[in-house]
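Structural overview
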There are 2 protein chains.
Amino acid sequence: MSDPLVIFTPSGKRGRVARGTSVLAAARQLGVDLDSVCGERGICSKCQVAPGYGSFSKHGVTVAADALSDWNSVEQRYDEKRGLAEGRRLGCQARIHGDVVIDVPPESQVHRQVVRKAASARQMVMDPATRLYFVEVAEPDMHEPSGDLERLAEALRHQWDVPKIEATLPVLRKLQPTLREGKWQVTVALHRDHTGQTPQLIDLWPGFREAPLYGVAIDLGSTTIAAHLTDLRTGEVMASTGIMNPQIRYGEDLMSRVSYVMMNPGGDLEMTRAVRMGLNSVIDAVAQDAQLDRRDIVEAVIVCNPVMHHLVLGIDPTELGQAPFALAVSDALGMEAQDLDLTALNPAARAYFLPCIAGHVGADAAAVALSESPETSDDLVLIVDVGTNAEILLGDKRRVLACSSPTGPAFEGAQISSGQRAAPGAIERVQIDPETKAPRFRVIGCDLWSDSPDFAQAVAATGITGICGSGIIEAVAEMRMAGLVDPSGLIGSPAQTGTARCEPAGRTHSYVLHDASATGGPKITVTQGDIRAIQLAKSALYAGARLLMDALGVNKVDRIVLAGAFGAHISPKHAMVLGMIPDARLDRVTSAGNAAGTGARLALCSIAARAGIEATVRRIHKVETAIEPRFQEHFVAANALPHASDPFPELSQIVTLPKVSFNTGGAEGDTGRRRRRRVS
Amino acid sequence: MSDPLVIFTPSGKRGRVARGTSVLAAARQLGVDLDSVCGERGICSKCQVAPGYGSFSKHGVTVAADALSDWNSVEQRYDEKRGLAEGRRLGCQARIHGDVVIDVPPESQVHRQVVRKAASARQMVMDPATRLYFVEVAEPDMHEPSGDLERLAEALRHQWDVPKIEATLPVLRKLQPTLREGKWQVTVALHRDHTGQTPQLIDLWPGFREAPLYGVAIDLGSTTIAAHLTDLRTGEVMASTGIMNPQIRYGEDLMSRVSYVMMNPGGDLEMTRAVRMGLNSVIDAVAQDAQLDRRDIVEAVIVCNPVMHHLVLGIDPTELGQAPFALAVSDALGMEAQDLDLTALNPAARAYFLPCIAGHVGADAAAVALSESPETSDDLVLIVDVGTNAEILLGDKRRVLACSSPTGPAFEGAQISSGQRAAPGAIERVQIDPETKAPRFRVIGCDLWSDSPDFAQAVAATGITGICGSGIIEAVAEMRMAGLVDPSGLIGSPAQTGTARCEPAGRTHSYVLHDASATGGPKITVTQGDIRAIQLAKSALYAGARLLMDALGVNKVDRIVLAGAFGAHISPKHAMVLGMIPDARLDRVTSAGNAAGTGARLALCSIAARAGIEATVRRIHKVETAIEPRFQEHFVAANALPHASDPFPELSQIVTLPKVSFNTGGAEGDTGRRRRRRVS
């Protein structure tokens with residue numbers, strides 16, 4: 001009688017194994033991805049499989065009822081204690097006695113795929129650096145003395161093929177009591193990354209640990225710090241939150257913080273302390289949200305612009321403020337989270353920084369590249385991430401270029417006369433009737449338009465306090481389309497525009513968006529200065545994109561991906577009316593949501609993703625805008641407002657772009673508003 | 001014309017090189033050990049060579065006067081600035097134009113040999129983990145942006161074949177200013193050890209750094225902490241000092257400290273803080289002695305017993321206090337010195353612990369093994385290191401065994417009625433006239449014997465305060481040889497011994513060594529209890545040695561090496577009279593001095609030594625005395641005092657053994673007295 005044939009689905013891998021082989025052993029022999037944390041002890045249930053019986057014409061086998069060994073006492077015990085779903089067997093217990101078809105459900109795969117809810121439907125394979133391993137450790141023997149750590153290492157070598165481990169002193173300190181408490185059975189968290197570093201013992205728990213480990217993906221912006229607490233087994237986001245970057249008090253934008261260092265020796269250390277405190281706060285907040293023990297957070301991935309990168313690492317960023325904009329370190333960095341004074345997670349947790357692309361193009365841009373993979377694109381894609389600086393990527397599978405462009409903070413509502421940060425009460429949407437020149441608008445925190453009869457009551461709580469970045473962009477674009485502003489950006493007089501809303505303001509004019517001054521409320525106007533600020537910002541952004549197009553020798557791009565606040569909140573139509581981005585068909589403009597945050601989460605969940613983006617960044621061609629004469633030419637040329645009318649008249653409504661998220665958690669929706677202020 | 005022939009002396013390596021090759025390049029091609037720190041820039045002068053001219057019949061060549069290129073401007077400048085000895089050339093500047101014989105002086109060899117002043121004359125090759133490298137780093141280029149660290153790594157790769165480096169954040173912080181201050185020329189300290197770890201960037205200095213780096217070898221005993229500050233280029237000891245271990249207040253011996261932890265939860269952390277403070281103090285003291293910048297100390301090697309090992313690492317030592325005496329970790333350990341809160345040296349300094357052999361046989365015993373190399377011995381050697389515990393090694397090139405024996409602190413003057421630590425005023429040498437039964441003695445701090453007419457005046461400053469370990473051992477042995485004590489250890493009555501110095505004391509008798517009680521001074525006696533304490537201690541020591549001899553199946557050893565306080569201060573003759581050690585010809589008994597400290601210095605100066613002792617320790621066979629019934633048998637049998645008379649009557653004087661030191665510094669003599677209290 002020949003050896004039984006085993007067919008695993010969905011992989012389709014098949015082969016003959018010796019009669020009596022366990023399903024788990026068969027899976028390993030045939031290279032089938034079947035998980036196991038406890039090492040065949042019937043404890044972890046990670047190796048659950050669903051055997052099929054009967055005739056499988058597709059596979060050409062008929063599976064007899066006795067193809068697998070009977071339900072055994074270990075499975076019985078497991079089922080009584082924790083429950084085993086109908087039709088499921090433990091792969092480490094069930095033994096193969098005849099031809100059989102065995103389905104490996106997704107939750108039993110180590111490298112399970114996580115479908116990203118995305119137009120591109122790119123999938124991610126879970127492959128985190130830190131994983132749990134259950135081991136049985138030999139007890140000490142006076143006659144063959146060896147350390148407990150050495151015997152643990154030996155157990156990992158034999159039971160898990162881990163060649164070597166290292167441990168920090170705090171972990172060593174708990175090794176002996178934990179081994180004894182667990183009666184020489186422990187679950188260890190090991191960090192094994194893609195760099196060839198010796199695997200690090202992060203923590204250990206007595207016996208078999210059921211609960212998963214967590215990591216935190218941190219998007220560290222100049223203005224806000226966002227954190228996404230992620231289950232390292234499933235990739236699911238358990239909690240997300242954002243706080244203001246405590247460095248704000250040293251300067252709103254990056255260059256003012258660099259100046260602060262130049263003016264105040266040691267000022268960088270103050271800022272380092274401040275941002276590290278901020279990181280601890282935000283990690284603490286997500287841990288509390290998810291009601292987790294902070295010790296269960298064993299990894300942090302941090303993405304940020306180069307100045308924040310240096311400041312959080314404790315490196316003086318002065319060199320980044322002047323040509324040649326030299327980074328102290330550009331490659332990806334791995335370290336102990338403690339080296340960054342991060343105390344709000346496991347004391348042995350590891351931190352990982354994505355690589356910086358250049359002195360102006362940081363690890364946040366690398367994270368966007370990781371999320372959007374321009375290097376795998378068949379068509380030419382322009383990816384724009386707007387914050388105080390705009391990071392721009394252009395390329396396809398042949399070549400990817402990157403630059404940053406100093407847009408300044410106007411897109412975020414700063415340097416605007418009635419500007420404010422995106423917060424309840426801020427005008428975020430504007431429409432101007434081309435006939436009457438009358439505006440209507442919406443404010444954050446209220447779903448109604450201002451011409452709704454119930455609007456006044458609905459905004460009573462927050463008031464109407466100012467205009468945020470997306471609001472000023474829409475206002476200027478709508479003014480242009482309503483004929484209130486000429487191609488040079490000049491606001492017309494009441495006589496020229498036919499509306500008293502264009503009122504004189506010194507030697508220029510302002511457009512009145514909202515006026516409650518009669519009742520002691522605010523008067524919100526768009527001034528000539530506001531339009532000039534938006535023109536400067538959008539020219540810089542456009543010039544950066546054009547510079548990359550020049551470098552590739554192209555005049556148009558196939559598609560545009562909007563990332564960050566831009567993608568989430570700024571209307572692509574209005575951006576194109578203003579000439580912020582090159583013209584493209586609106587259906588080829590997609591939003592990547594918080595792509596930097598997504599990139600951070602990808603790096604958190606996959607060491608292959610880390611290796612991939614490190615290789616990609618080395619290949620990205622960097623274009624420095626500051627010294628390129630053509631940047632200035634493009635900048636000047638881009639000053640005008642090109643579109644005198646709606647370029648997409650077929651779209652009567654504001655377009656809502658599909659949002660992209662790579663997991664099934666609801667975090668994106670929860671924090672979209674808070675995250676809009678991310679500054680890259 | 002064929003390529004010129006180059007012969008290097010003293011290595012004798014020879015070969016032909018292309019005409020115009022520099023001497024340094026030729027040395028590298030031919031595998032000749034010729035140093036260079038500056039990388040052929042004529043700055044460091046480490047590559048100085050002495051070319052020979054004329055006829056060399058031995059080598060069969062005649063060297064023409066123009067065999068090397070003329071003295072060039074770089075050499076001229078160097079000679080003017082710093083002086084170049086007559087006949088010397090810079091190997092990086094002088095180019096080979098004809099057959100030549102070139103001598104490489106010892107100071108120009110990287111792996112120079114350091115002769116140990118020893119009977120065995122074993123030599124040590126300098127091979128420290130941390131060395132200096134001078135590099136020229138490419139300036140940043142906006143068009144090819146890369147981090148300063150990456151360009152430094154690139155320079156090390158190209159100029160020094162260092163494949164990869166890592167840096168801690170504090171070093172990264174100083175990278176940019178140092179590179180700019182040095183105008184892109186810097187000297188870096190790199191730590192490259194034998195473990196395959198990525199080389200670590202420890203520190204860097206602008207331009208070429210002339211001054212050497214230093215390491216500190218620390219012998220961390222239960223009672224004292226000794227440190228030897230060592231030049232990592234020459235191996236020379238610059239300063240040595242010892243302080244009391246601040247843990248003393250938690251218990252005199254190891255087991256009382258383990259008990260302290262058991263009784264006081266968290267007590268181990270108190271002791272960890274105390275000993276780390278002690279380490280900082282002792283490092284600080286040697287740095288001040290040598291008038292060095294503490295930042296120039298870049299390595300620490302620590303040897304200690306297992307309990308101290310765990311306490312300094314911050315690991316609860318409770319498991320070491322009970323069978324099976326399990327170590328938390330036994331292998332050698334490398335870490336940042338900062339992980340041990342060592343702040344008295346460079347912030348990025350590395351620390352290395354030698355491996356522990358077993359739960360009772362620590363890294364100090366490993367250091368003794370490293371110093372004495374029993375695994376290379378042709379004859380059977382017994383190595384004994386006495387402290388509160390005795391570590392015993394027995395073996396030869398075929399097999400090495402190790403055990404520890406709980407001698408207790410009697411050999412150090414503790415638990416002795418008039419006992420005291422070795423300090424000025426303590427009786428350290430005793431002779432008893434076999435006829436008159438009268439003693440004479442010497443005290444620490446005075447070179448005269450007590451029967452000298454000037455003695456009273458000479459000891460006036462210190463007084464005569466008690467009796468230290470070596471004193472009590474000699475006193476008991478002399479009492480035995482003078483017939484005052486019988487083989488069972490009983491002190492005779494005045495009637496039996498014929499001297500009133502054996503005076504009644506309760507139901508037993510005491511021997512009066514010194515009595516100043518009439519003038520209000522101390523009365524120093526050897527009591528029956530003192531003799532019992534010494535008997536217990538020496539029986540334990542002897543039983544341990546016998547147990548190892550049993551395990552090897554031998555009845556005698558070829559030679560004995562006495563290490564630690566034993567070797568330095570206890571007379572081997574008296575030790576044999578007492579039966580502390582097996583009998584051997586006195587000329588086959590040698591002292592290894594502070595062998596543990598020597599082992600620590602070897603490990604500091606050579607990564608090959610580290611790799612060697614790690615391999616040796618893995619092969620050492622450990623014998624656990626605590627559970628071996630034959631230990632108890634030997635212990636009981638060894639209780640008697642075997643020798644009723646001087647076994648070496650031909651030696652009228654106390655034998656002074658040659659001391660062993662592996663360097664030319666005077667540290668051994670300076671600190672011998674202070675170091676005697678090292679407890680292993």
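If you're wondering where the values come from, they're calculated on a predicted model, not measured in any experiment. (Residues numbered from 1 in each chain as written. Chains lettered and ligands numbered in written order. Predicted model: local features only at pLDDT ≥ 70, side-chain atom pairs only at ≥ 80, totals over all residues.)

Quick word on the packing of helix 10 (residues 469–481) of chain B against helix 12 (residues 528–552) of chain B
Residues and elements named next belong to chain B. Operational definition: For helices, the fitted line uses only the C-alpha atoms of the stretch in contact; every axis is such a line through C-alpha atoms, and the angle between N-to-C directions lies from 0 to 180 degrees. Secondary structure elements are taken from DSSP: a helix is a run of H or I of four residues or more, a strand is a run of E of two residues or more, and numbering for both begins at the N terminus. Roughly parallel here means an angle under 35 degrees, roughly antiparallel means over 145, roughly perpendicular means 65 to 115, and every remaining angle is called oblique. This entry defines residue contacts through backbone-placed C-beta atoms, with two residues in contact when those atoms are within 7 Å. For this scheme, ten residues count as nonpolar: Ala, Val, Leu, Ile, Met, Phe, Trp, Tyr, Cys and Pro. Four count as charged, namely Asp, Glu, Lys and Arg, and the remainder, Gly too, count as polar.
With their axes 11 Å apart at the nearest point, helix 10 and helix 12 run at an angle of 105 degrees to one another. The pairing of helix 10 with helix 12 is recorded here as roughly perpendicular in orientation. Only Asp530, Ile531 and Ile534 of helix 12 make contact with helix 10, whose side of the interface consists of Ile472, Ile473 and Val476. By residue class, the composition of the contact of helix 10 with helix 12 is five nonpolar, no polar and one charged.

Notes on the interface of chain A and chain B
Of the residues lining the interface, 35 residues belong to chain A; the matching set on chain B comes to 35 residues. Of all the elements, helix 4 (residues 169–181) of chain A adds the most residues to the side of chain A that touches chain B, at five residues. Grouping the amino acids of the side of chain A that touches chain B by side-chain chemistry returns 18 nonpolar, seven polar and 10 charged.

Details of the domain arrangement of chain A
For clarity, the cut-off: Delimitation of the domains relies on an automatic or database domain assignment.
Split into domains, chain A comes out as domain 1 (5–108), domain 2 (129–206) and domain 3 (423–478 + 492–522). Each of domain 2 of chain A and domain 3 of chain A has a C-alpha centre, and the two are 64 Å apart.

Regarding the relation of the copies chain A and chain B
What counts here: The fit set for superposing copies consists of C-alpha atoms from residues with pLDDT of at least 70 in both; the fit itself is least squares.
When chain A is fitted to chain B, the best match, at an RMSD of 0.2 Å, comes from turning it 180 degrees and sliding it 0.1 Å along the axis. What the rotation and shift describe, once combined, is the action of a two-fold rotation axis. Among all C-alpha atoms of chain A, that of Gln197 of chain A lies closest to the rotation axis, at 3.9 Å.

Remarks on the sheet that holds strand 31 (residues 621–622) of chain B
Residue and element names in this part refer to chain B. The condition that has to hold: By this definition, two strands are paired if DSSP reports at least two bridges between them.
With mixed pairing, six strands are arranged side by side in an open sheet as 30-29-20-21-22-31. Either end of the sheet is taken by a strand with one partner, and the two such strands are strand 30 (589–593) and strand 31. Relative to strand 22 (residues 400–405), strand 21 (residues 390–395) runs antiparallel, the two sharing six bridges. In the sheet register, Ile392 faces strand 22, and the bridge partner there is Cys403. Strands strand 20 (381–386), strand 21, strand 22, strand 29 (559–563) and strand 30 of the sheet are contacted by helix 8 (residues 363–372), whose axis makes an angle of about 40 degrees with strand 21.

Focus on the pairing of strand 27 (residues 508–515) of chain B
Residues and elements named next belong to chain B. In this sheet, strand 27 lies alongside strand 26 (residues 502–505) in antiparallel orientation, the contact comprising four bridges. Its bridge partner being in strand 27, Pro504 is matched across the sheet by His509. The antiparallel pairing of strand 26 with strand 27 creates a hairpin that spans two residues between the two strands, and Gly506 there sits at a positive phi of about 65 degrees. Strand direction decides the pairing type here: strand 27 and strand 28 (residues 523–526), joined by four bridges, are antiparallel.

Describing the nonpolar core
Stated precisely, the cut-off is as follows: The nonpolar core criterion groups buried Ala, Val, Leu, Ile, Met, Phe, Trp, Tyr and Cys residues into a set whenever they are joined through C-beta atoms within 7 Å. Labels follow a simple rule on C-beta atoms placed from the backbone: if 20 or more others lie within 10 Å of a residue's own, it is buried; if 12 or fewer, it is exposed; otherwise it is partly exposed.
One finds Ile218 of chain A together with Ile218 of chain B to be the most contacted residues of the largest nonpolar core, which totals 364 residues. Setting aside residues no more than four positions away along its own chain, Ile218 of chain A makes contact with Ile225, Ala227, Leu279, Val282, Ala300, Val301, Ile302 and Ala600 of chain A.

As for the environment of Leu333 of chain B
Mapping Leu333 of chain B onto the fold places it in strand 18 (residues 333–336). Residue Leu333 of chain B is classed as buried on the basis of its C-beta count, with 23 C-beta atoms lying within 10 Å.

Structural notes on unusual backbone geometry
Trans is the common state for peptide bonds, and a negative phi is the common state for residues other than glycine. The omega angle of the peptide bond from Thr9 of chain A to Pro10 of chain A is 0 degrees, so this bond is cis rather than trans. Note on placement: Pro10 of chain A falls in the loop between strand 1 (5–9) and strand 2 (14–16). Following Ala323 of chain B, the chain continues into Pro324 of chain B via a peptide bond in cis, with omega recorded as 5 degrees. Assignment of secondary structure puts Pro324 of chain B in the loop between helix 7 (306–313) and strand 18. The phi dihedral of Trp184 of chain A is positive, around 70 degrees, even though this residue is not glycine. Along the chain, Trp184 of chain A turns up in the loop between helix 4 and strand 12 (185–191). In this structure, Gln291 of chain A takes a positive phi of about 55 degrees despite not being glycine. Within the fold, Gln291 of chain A resides in the loop between helix 6 (267–289) and strand 17 (297–304).

Some words on the sheet that holds strand 15 (residues 224–231) of chain A
Residue and element names in this part refer to chain A. Strand order in the open sheet made by the six strands is 16-15-14-17-19-18, with mixed pairing throughout. In the strand order of this sheet, the two ends are held by strand 16 (237–244) and strand 18 (333–336), each with one partner. Geometrically, the sheet is characterised by an average inter-axis angle of 20 degrees between neighbouring strands, direction not taken into account. Two strands pair when backbone bridges link them, and strand 18 and strand 19 (residues 350–353) are joined in this way by four bridges, in the antiparallel orientation. Across the sheet, the residue bridging to Glu336 is Arg350, located in strand 19. Packed on one face of the sheet, helix 6 meets strand 14 (214–220), strand 15, strand 16 and strand 17 and runs near 145 degrees to strand 16. Along the sheet face, helix 7 (residues 306–313) touches strand 14, strand 17 and strand 19 and points at about 140 degrees away from the line of strand 17.

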